[in-house]
Every structure is written in C-alpha cells, then in structure tokens.
Amino acid sequence: MSRRPFIVRRAAVLGAGVMGAQIAAHLTNANVPVLLYELPAKEGDSNGNVLKAIDNLRKLEPSPLAVPSRAAQIQPANYEQHLDLLKECDLVIEAISERLDWKADLYRKVAPHIGEHAIFASNTSGLSINTLAESFPAQMRRRFCGVHFFNPPRYMHLVELIPALSTEPALLEDLEEFLVTTLGKGVIRAKDTPNFIANRVGVFSLLATVYHAQRLGIGFETVDALTGALIGRPKSATFRTADVVGLDTFAHVVNTMKETLPSDPWYPYYDVPAWLKTLIAEGALGQKTRRGVYQKVGKDIHVLDTATGGYRPSDGRADEKVVEILKNKDIAERFEQLHASDAPQAQFLWSIYRDAFHYCAVHLAEIAHNARDLDFAIRWGFGWDRGPLEIWQAAGWQRIAGWIAADVAAGKAMAAVSLPAWVTEPGRTGVHAPQGSYSPAANAYEPRSALPVYRRQPFPPTLVGEEVRYGETIFETDAVRCWHTGDDIAIVSFKSKMHAIGGDVLEGVQRAISEAERNYLGLVVWQTEPPFSVGANLKKTQTSAEKRQPSAFGKLVRNVRREAESLALKAARQLGVADQLMAGRLAEVEQLVEQFQETTQALKFSMIPTVAAVDGLALGGGCEFIMHADRAVATLESYIGLVEVGVGLLPAGGGCKEFAMRAAVEAKGGDIGPFIQRYFKAVAMAQVGRSAEHAREIGYLRPTDTIVMNRYELLHVAKAQLRALAEAGYRPPLKQNAIPVAGRNAIGTIRAFIVNMLAGGHISEHDYLIGSKVAEVMCGGDIEGGSLVDEQWFLEIERRHFMALLATEKTQARIEHMLKNGKPLRN
C-alpha cells in the first residue's frame, strides 16, 4: 500500500516578524490558508501585534503579496487564545527570533497542540536542527526538520531543507514536493552544520569582500560597483544587499559562525567589523531603518565614511581598465587578466574569488552532499548567475587550483590550509559533468534527485558542464525554432533578443501554427528562458539597450511598473519605427501591424489549441499574444501589460479589441461603458501586473488561465492544459460578427474624465490625444452604443489610430527622445 499523500489543507506560521509574516504571505499567494501567530498585545485587541504585521505586508517593496487583497486571507492568531487551532494545520513553520532558549520554550508550549500527522519545521537560518529537535517529545521528533527560506521569500528561489537525525525520510520527500510545486521553490537538502550551505558560503564571501576592501583601501560604493552585475551578481552587490537583508541579520549570521566554528581555518575572519557594530548600536540597520551603509539624503545617495562616522556623497567608480577585463566573454582569459593585473581593483576581485573557491573546496564535504547543492544554494539564495564552483570550473579548474596553491604557499590567501587532494586529482576538469556533480564524501558524481516531483521539470536549471538539449527540431529560422520533446505537441520559441516580435518572428509563428495544424495535437509558445516577450520589434538588428534583461534579483528590488514602462519606452528601438519614419516608410510599418494582427488572430482561430506559457516580462505585443491564445499558463512572477502609450502609441495587435469584447461579455446585454472603463484604464495608464494574479485582476489574464508557482514546471503544465483542451474535442471559438460596442456616449464619458486630468495639469495635450484615440478604439468608434460589429472592425480601428498617432510630431519626438536619452518624454 502506498504512503498517505501529503496534503496541506491549512498551515500556520509561528512568529510575525519580517520573515514569518512574509512566509505567511507567500503561503497565501499559493492559495494555502494560513494562520499567523504572534504574542498577544498588552493593550487593545489581543491580536494587535499580528494585525500590525499583516498591515505592514501591504507597505513592503517589493511586495510579498501577489495582490494586496491576499493580506486579508491571513488569519491572525496569538499564543494565548488560539493554540487549539494548530490541530487543524498540516504544516507548522516556526519563524521567531534566533534564540535557542526562546525556540525551545515555544516548542514545549505548542507541542501538545500539533496534529498527529503535521510537519513542524523551523525557519532558523543556522541554528542546529538536532539541538532544536531535543525540545520536542521523542515521538514528535520524526516530524521535525529545518526549512530555511531566504529573504524576500516570495522572490528568492532557495529553500534549504535540513533533517535532524530523527527526521522521518518520507516526511522530507512530502515537504520537498510541497515546497517545489505548491510554493515554487528550489529545494536543497542541507547538512546540519552552522548556517547550512548558502549562508555559510555567502556570508564568508561577504566577509572576504569586507576584508580585502579594507586591505586595499577600496570604498563601499566602489566595492558595490565591482561586485554587482559586472561579475554576474545582483545589482545590489555587497553592501546594498547587506542593507536590504538587514545589518543586524548579517551580524547575527557572522556571530553564529564565530560561536560555532572555533576550529575553522578562517575563524579569525568571523568577526563583525567595528564600523558595523557602531551602526547596529546606533540603530542603523539598513533599509528597514532607512540608514545603514547607505543613506538617502534628499534625492542623493550617501555612503558611510568610516573615518568620520558620518556620510558623504557616493561617488566611487569601477576602474575602466578592470571593467574592460570583466567585459571579456572568455572567462578563462578574464581570470588570467585579473590574476596578472597589478591594479588594486583587479587584485581585489581575484582575491575574493580565490578565497571563495578555496573555502568551498575545503568545506564542500562537510556542508553539502555535492557540488551541485552548493552552487545552486548560492545561485538561488544570493542571486549569483553562477555558483562559485561553476565559475572555477569554467575558468579552468587545474590552472585556478595552481594559482590558489601558490597564493596559499606565499601567505596571500586568508587561510594557510592546503586544497583537498580531490581538487588536484589527475584528469579533474571540474565538479560538474553530464552524469552528475561531484561528492567528496562519496568520491563519486551524484545524479539529480529522482523524486517524482522533478519529472514535472522537463528542463531544470543547468550547471556548467551539463548538457542541455531542447528536443527535436521541426523547423528553424533565424527568428524562431519549432520543436517537440518526442510527443505530439509542437513548441515554438523565439530566438530574438528579449524575444521581441518582428516580422520574421511573426512569419515563424504563423508557420508553426500551420505545421501544428497538419501534424500535431497543438502548439505551445514557450521561451527557453525569460522574458516571454517585450513586444513588437520592426528592426532586424537591435541595440545594446535591448540587452538589458533585469536579473531575477534586480527585478525584485525595483518597481516592476516603472521597469516595464522603461522597457516599453526603449521599445522605440523594439518598435523599430525610427528608420521607417526618417525614410518616410510608414506604409511598411502599417503592413507589419497588419501582419501582427493576422498572427494573433491565427493563434485564436487555429484548428488546434494554442497555449502561451509565460514567465517574466510580457509587454505590448507579447501581452497580445497571451490574450489571443486559447489558454495562458503563467508563472506567478510574470509581469504582463499593454504599455504602448509610453511611446505615444496604442496597442494594435488586437489587445484593445480583446478588451472591448470582454467588456461586452461582462455587461451581459447591459451598459458596456462601466466595464470598458476598467480596461481603458489598463491601456491608457500602461498598467503592468506586478504578478500573474495582479495581471488577472487587471484583465490581461482570464479566469480560465492557469498560474503556476515554479517556473521550471511551466512547460509541463502548459502541455497538460493543451492536452486537456485537445482531449475535450477542441474546436476554435466561433468568429464574432455581432459584438455590441460601447459607442460614442462611452467615448464622451471617458473624454470628460481625461479632460479633467488635462485641466488639472496631470497630463499633456498629447497625452489627451492618445487617451482619446484609445477610447475611440475600445468603444468601437464614433457610432451609436449597442451597434453590432465584427472583430475586423476593431482591428481596422486599432490600426488606423496607431498609424495616426505614429504620424504625429509629438509621438515621433517621444520616440526620438527615448532613442537619444533612454528616458521618457512627456510633451
């Protein structure tokens, strides 16, 4: 008989601090009912403390909530009145302060109330799981483990799963499957060692950075200029990251290492710097207190001056010669140049890399099961593009090992300890290979987990040294590849930068639809990496501005709406109209718009089901593809929107038409005007969903569309949705020839609204013109409300008003300004 499936009907989080409240938020993002516990308030409502924590969730940026309304789904509770509710919970996560004695007291208090089959897990960032388990009655210890989320829990992919010696193995499998599929996480099984894997290596890397910066006299802001995107790490780099995480949290993790690792060769460096102790004593804890290593003064960013204890303007820069080295795409040459250079900043970078490599090699067997776990822990928990052992392998394993050994012998390394023998074994070229990743403890290459949940990931994240092959090609052009995975479902993926949609992509998609109609069950539009698409692109060649795809972490720490608008504004390049305007070739643009409309209509009316599998940005034309596919399957972290008004245009690929049709359906024969106003706002304000759930609230996604939490399961779910449509006897929707329009009265109502904004100085006259054009399109033109039209009517209006705006001097000026300055022009 198979074991009982693990179902989380309800969860509880103990502790409503920064992490506890955000873990509860992410549980509710995943539609898991959750109780959030905190100490009872001394005055007023006994749930006052937890209610304050829930309210604070609405104020945090980036938002821990998929949509603000999810905060109301978190049920407040306190330890005095509501312990009996724990019996109804299948999963209980403890997230109180990192004090062994406090945690032990809480465990003893709640243990009698925990359900017989419930899993109890601690979110400790580094305390001993075995020691914590001792606070439970013996019969409960088999259901206890560590489950370490990273901040912010909604966005950071990593969760470390740490068993105690007494933990039941099947429990870990249950919890891992829940974390992977339901919460969308990347799970690493960690050993019960201080700070586990990610914090152990990541914090050491931060300490090494602090040490070498001080040794070489490099300032905080210069360190951040060097250790961010230039070397494949988050834009927040080192000290900005420390401010975001919290300087007190950073200091706590360092102190844990100091208290628990006295025999570590790097022990002398496990110390909180004096300047950091001073900041913490002053209550300057970083972003949460608005002062830390950095402080905003007016509109300017100032940085701590350790000599004076005050702040000065942030003006440090990376050495141009070092930047040129870092731009070298050949990683082996890059490291050779860094190692050979006598420039202080180059020596700084070599030193922090060397010590990270050295540390990982020495401690790998102790802290991780294999090299894969260590590298993914750092990638997913600290936002590095590549893990430290991956970087070492790509740079030339044996050569780097020789340089490390030489520096150790010369006393240049932080610790005078030799590399383990396995590092320099004859023939070793790294730790990752097609057959798996190296485990020093087993002296073997270990394959990936065989848990059933990972069968849902046809293309899991890859490491240096691993091979990845995306199925069998059906056909391939310079713009798209159509392929399959050995079954009866065709997949089309774009090859353009940022997956922008030009004429060649449109031709490829139309060809893929035709191929799927002849030979396959259906067609999935899926990209091998995000974004889904930043929209239309009429140019055959793209500029460097288009290369700016925000990193996963970078996207988190900036306003998604502003980021998407910026990308839309840069769509003057992606829309590619500049050359055509200058050459007076507007007719070519109109032809391309018509081709775009034909393609979106083909997605909608093809004889086979079409599914858009969405991850990351889906702007403009990318959003219109989604709106026309039979189904969309989107990851929670999909940022979807029609943003054309940012460059003085309007959506012309059928997006306005689809919104008008949805409004007519929702009106159910009544007045369409109030329903159209909601969609008008989305287009006219270039609204971008801050999550897939938000996109559904706006209306870009339909109630029938599916949201998945784990991006690596996206293709699996998209194919399942397509197969369900096909199995149900799929037929395309009937073409609508009698769509009621909102008409001229609704246009007048919208114009009255935007004319007030014009009179109040909130928008310009050109903004008013754009808004009026959008209103005309979405309301079906200057005809009587309730008149019946077909889809082609809307498409022709879209195209006509798009071209009218494109012909105006002010829209052209907006495009030209963006091309020259990379910033929006409000003229």
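If you're wondering where the values come from, they're calculated on a predicted model, not measured in any experiment.

Student: Describe empty space enclosed by the protein, with residues and values.
Tutor: Following the criterion strictly, the structure yields 4 cavities of 30 Å³ or more and no others. Residue lining of the second largest cavity: Gly 202, Ser 205, Leu 206, Thr 209, Thr 227, Arg 233, Pro 234, Ala 237, Thr 238, Thr 241, Phe 382 and Trp 384, and that is the complete set. For the lining of the second largest cavity, the leading source of residues is helix α6 (residues 198–216), giving 4 residues.

Student: Report on the nonpolar core, specifying residues and quantitative values.
Tutor: Core analysis: the largest hydrophobic core is formed by 135 residues, its most contacted members being Phe 178 and Leu 179. Top contributing element to this core by residue count: helix α23 (residues 655–667), with 7 residues. Ignoring anything within four residues of it in the chain, the contact list for Phe 178 reads Phe 6, Val 8, Leu 27, Val 32, Leu 91 and Leu 183. One finds Leu 86, Phe 136, Leu 226 and Phe 335 within the second-largest nonpolar core, a separate group that totals 117 residues.

Student: Give me the lowdown on the sheet that holds strand β21 (residues 706–708), citing residues and values where you can.
Tutor: A sheet is described by the order of its strands in space; here 7 strands give the open sequence β15-β16-β17-β18-β19-β20-β21, paired in mixed fashion. Whereas interior strands pair on both sides, the edge strands pair on one side only; in this sheet they are β15 (472–476) and β21. Within this sheet the neighbouring strands show an average axis-to-axis angle of 25 degrees, counted without direction. In this structure, strand β18 (residues 522–526) lies alongside strand β19 (residues 610–619), joined through 4 bridges in parallel fashion. What sits directly across from Trp 526, in β19, is Ala 613.

Student: Any chance you could break down the packing of helix α21 (residues 586–605) against helix α22 (residues 621–628) for me, citing the residues and the numbers?
Tutor: For any two helices packed against each other, one specifies the inter-axial angle together with the distance between the axes. Running from N to C, α21 and α22 point in directions that differ by 30 degrees, and their axes come no closer than 8 Å. Considering their axes alone, α21 and α22 lie roughly parallel with respect to each other. When α21 is examined against α22, the residues Phe 596, Thr 599, Thr 600, Gln 601, Leu 603 and Lys 604 are found in contact with a partner set consisting of Gly 621, Glu 624, Phe 625 and His 628.

Student: I'd like to hear about the packing of aromatic side chains, residue by residue, with values.
Tutor: One pass over the full model with this rule turns up 37 aromatic pairs. Ring centres 6.1 Å apart and planes at 35 degrees place the aromatic pair Phe 335 and Phe 357 in the tilted group. Taken together, the residues Phe 335 in helix α12 (residues 331–340) and Phe 357 in helix α13 (residues 344–367) connect sequence positions 22 residues apart. A cation over an aromatic ring shows up here: Arg 233 above the ring of Tyr 353, its NZ or CZ 5.8 Å from the ring centre. When the ring centre of Tyr 438 is taken as reference, the NZ or CZ atom of Arg 428 above it lies at 4.1 Å.

Student: So, helix α16 (residues 503–519): which residues are in play, and what are the values?
Tutor: Here α16 contains 17 residues, and its C-alpha end-to-end distance of 24 Å stays within 8% of the 24 Å for a straight helix at 1.5 Å per residue. Looking at the buried positions of α16, the neighbouring elements they touch are β15, β16 (480–484), β17 (489–494), β18, α21 and α22.

Student: Break down the pairing of strand β2 (residues 34–38) for me, with residues and values.
Tutor: The buried fraction of β2 amounts to 5 of the 5 residues, a majority that puts the element mostly inside the structure. Side-chain alternation along β2 places Val 34, Leu 36 and Glu 38 on one buried face and Leu 35 and Tyr 37 on a second face that is also buried. When strand β1 (residues 11–14) meets β2, the two strands line up parallel, connected through 4 bridges. Counted as the bridge partner of Leu 14 is Tyr 37 from β2. As paired strands, β2 and strand β3 (residues 74–78) are joined by 5 bridges and run parallel to one another. Bridge pairing links Glu 38 to Asn 78 in β3. Handedness of the crossover joining β2 and β3 through helix α2 (residues 48–57): right-handed.

Student: Can you lay out the pairing of β15 for me, pointing to particular residues and giving the numbers?
Tutor: In terms of strand pairing, β15 meets β16 through 4 bridges, oriented antiparallel. From the neighbouring strand, Glu 472 faces β16, where its bridge partner is His 484. Count of turn residues in the β15/β16 antiparallel hairpin: 3 residues.

Student: Could you give an account of the side chain of Ser 496, with specific residues and numbers?
Tutor: By the secondary structure assignment, Ser 496 is in the loop between β17 and α16. Polar side-chain contacts of Ser 496 include one of 2.6 Å to the backbone oxygen of Ala 500. With residues up to four places along the chain from it excluded, the contact list for Ser 496 reads Ala 479 and Val 505.

Student: Mind laying out the confidence of the model for the chain, listing which residues take part and the relevant values?
Tutor: Chain-level pLDDT for the chain is 92 on average; 93% of the residues reach the 70-or-more range. For the stretch residues 538–565, pLDDT sits under 50, and the model shows 58 contacts to residues farther than four places along the chain or on other chains. Scored below 50 in pLDDT, residues 567–575 shows 38 contacts in the model against residues more than four places distant or in partner chains.

Student: Before we move on, can you summarise helix α1 (residues 18–29) with the specific residues and values?
Tutor: Between its first and last C-alpha atoms α1 spans 17 Å; for 12 residues at 1.5 Å apiece the expected length is 16 Å, and the two agree. When you tally the buried positions in α1, you get 11 out of 12 residues, the bulk of the element. Looking at α1, one finds that the buried residues are Met 19, Gly 20, Ala 21, Gln 22, Ile 23, Ala 24, Ala 25, His 26, Leu 27, Thr 28 and Asn 29.

Student: So what's going on with the side chain of Ser 772? Residues and values would help.
Tutor: Of note, Ser 772 is situated in helix α28 (residues 765–778). In contact with Ser 772, not counting residues within four places along its chain, are Arg 751 and Ile 754.

Student: Explain the sheet that holds strand β9 (residues 294–297) residue by residue, including any values.
Tutor: Overall, antiparallel pairing links the 3 strands, which are arranged β9-β10-β11 in an open sheet. Either end of the sheet is taken by a strand with one partner, and the two such strands are β9 and β11 (311–313). The average undirected angle you get between the axes of adjacent strands in this sheet is 40 degrees. Bridge count between strand β10 (residues 300–304) and β11: 3 bridges; the pairing is antiparallel. Along β11, the bridge assignment pairs His 302 with Pro 313.

Student: Any details on the packing of α6 against helix α9 (residues 247–260)? Residues and values, ideally.
Tutor: α9 packs onto α6 with a crossing angle of 105 degrees between their chain directions and a minimal axis gap of 10 Å. Considered as vectors, α6 and α9 are oriented roughly perpendicular to each other. Contacts between α6 and α9 pair Asn 199, Arg 200, Val 203, Phe 204, Leu 206 and Leu 207 from the former with Phe 250, Val 253, Val 254 and Met 257 from the latter. Split into classes, the residues belonging to the contact of α6 with α9 amount to 8 nonpolar, 1 polar and 1 charged.

Student: Requested: an account of the environment of Pro 273, with residues and values cited.
Tutor: Mapped onto the fold, Pro 273 is located in the loop between α9 and α10 (274–281). Among the residues examined, Pro 273 registers a relative accessible area of 15% and is labelled buried. Distance in space between the C-alpha atoms of Pro 273 and Glu 644 is 49 Å, their sequence separation being 371 residues.

Definitions and limits used
- Residue positions are given per chain, counting from 1 as you read along its sequence in written order.
- Note on the predicted model: pLDDT of at least 70 is required for a residue's local features to be given, and 80 or more for side-chain atom pairs to be given and counted; whole-chain, interface and lining totals, by contrast, use all residues.
- The side-chain numbers reported here are obtained from all heavy atoms of the structure, hydrogens and water having been left aside.
- Buried and open spaces are told apart on a 1 Å grid over the protein atoms alone, a cavity being a set of points where a 1.4 Å probe fits but cannot get out and a pocket being an open set with protein on both sides within 12 Å along at least five of seven lines. Residues with an atom within 4 Å of a point are the lining residues.
- Grid points are joined across faces, edges and corners, and a volume is the space filled by probe spheres set on the points.
- Numbering of helices and strands runs from the N terminus; a helix is a DSSP stretch of H or I covering at least four residues, while a strand is a stretch of E covering at least two.
- Among buried residues, the Ala, Val, Leu, Ile, Met, Phe, Trp, Tyr and Cys ones that are joined through side-chain atoms within 4.5 Å form a nonpolar core.
- Burial classes: relative accessible area under 20% of the type maximum marks a residue as buried, over 50% as exposed, and values in between as partly exposed (1.4 Å probe, protein chains only).
- Pairs of residues are marked as contacts when any of their non-hydrogen atoms sit within 4.5 Å.
- Being paired, for any two strands, means DSSP has found at least two bridges between them.
- An axis is simply a line fitted to the C-alpha atoms; with a helix, the fit covers only the stretch in contact. Between two such axes, the angle follows the N-to-C directions and lies from 0 to 180 degrees.
- To sort the angles, those under 35 degrees are grouped as roughly parallel, those over 145 as roughly antiparallel, those from 65 to 115 as roughly perpendicular, and the leftovers as oblique.
- Pairs were defined over the aromatic rings of Phe, Tyr and Trp, the Trp ring being its six-membered one, requiring ring centres within 6.5 Å. Orientation was assigned from the angle between planes: stacked under 30 degrees, edge-to-face over 60, tilted for the rest.
- Counting as a charge over the ring demands two things of the Lys NZ or Arg CZ atom: a distance within 6 Å of the ring centre and an angle within 35 degrees of the ring normal.
- To estimate the expected span of a helix, count its residues, drop one, and scale the result by 1.5 Å.
- For crossovers, right-handed means that the path from the first strand over the helix to the second runs clockwise, given strands pointing away from the viewer.
- N or O atoms within 3.5 Å of each other form a polar contact, as long as, within protein, one can give a hydrogen and the other can take it, and as long as residues adjacent in sequence are counted only when both atoms are side-chain atoms.
- As a per-residue measure, pLDDT reflects the predictor's confidence and takes values from 0 up to 100.
- Residue classes follow a fixed rule: Ala, Val, Leu, Ile, Met, Phe, Trp, Tyr, Cys and Pro count as nonpolar, while Asp, Glu, Lys and Arg count as charged, and any other residue, Gly among them, counts as polar.

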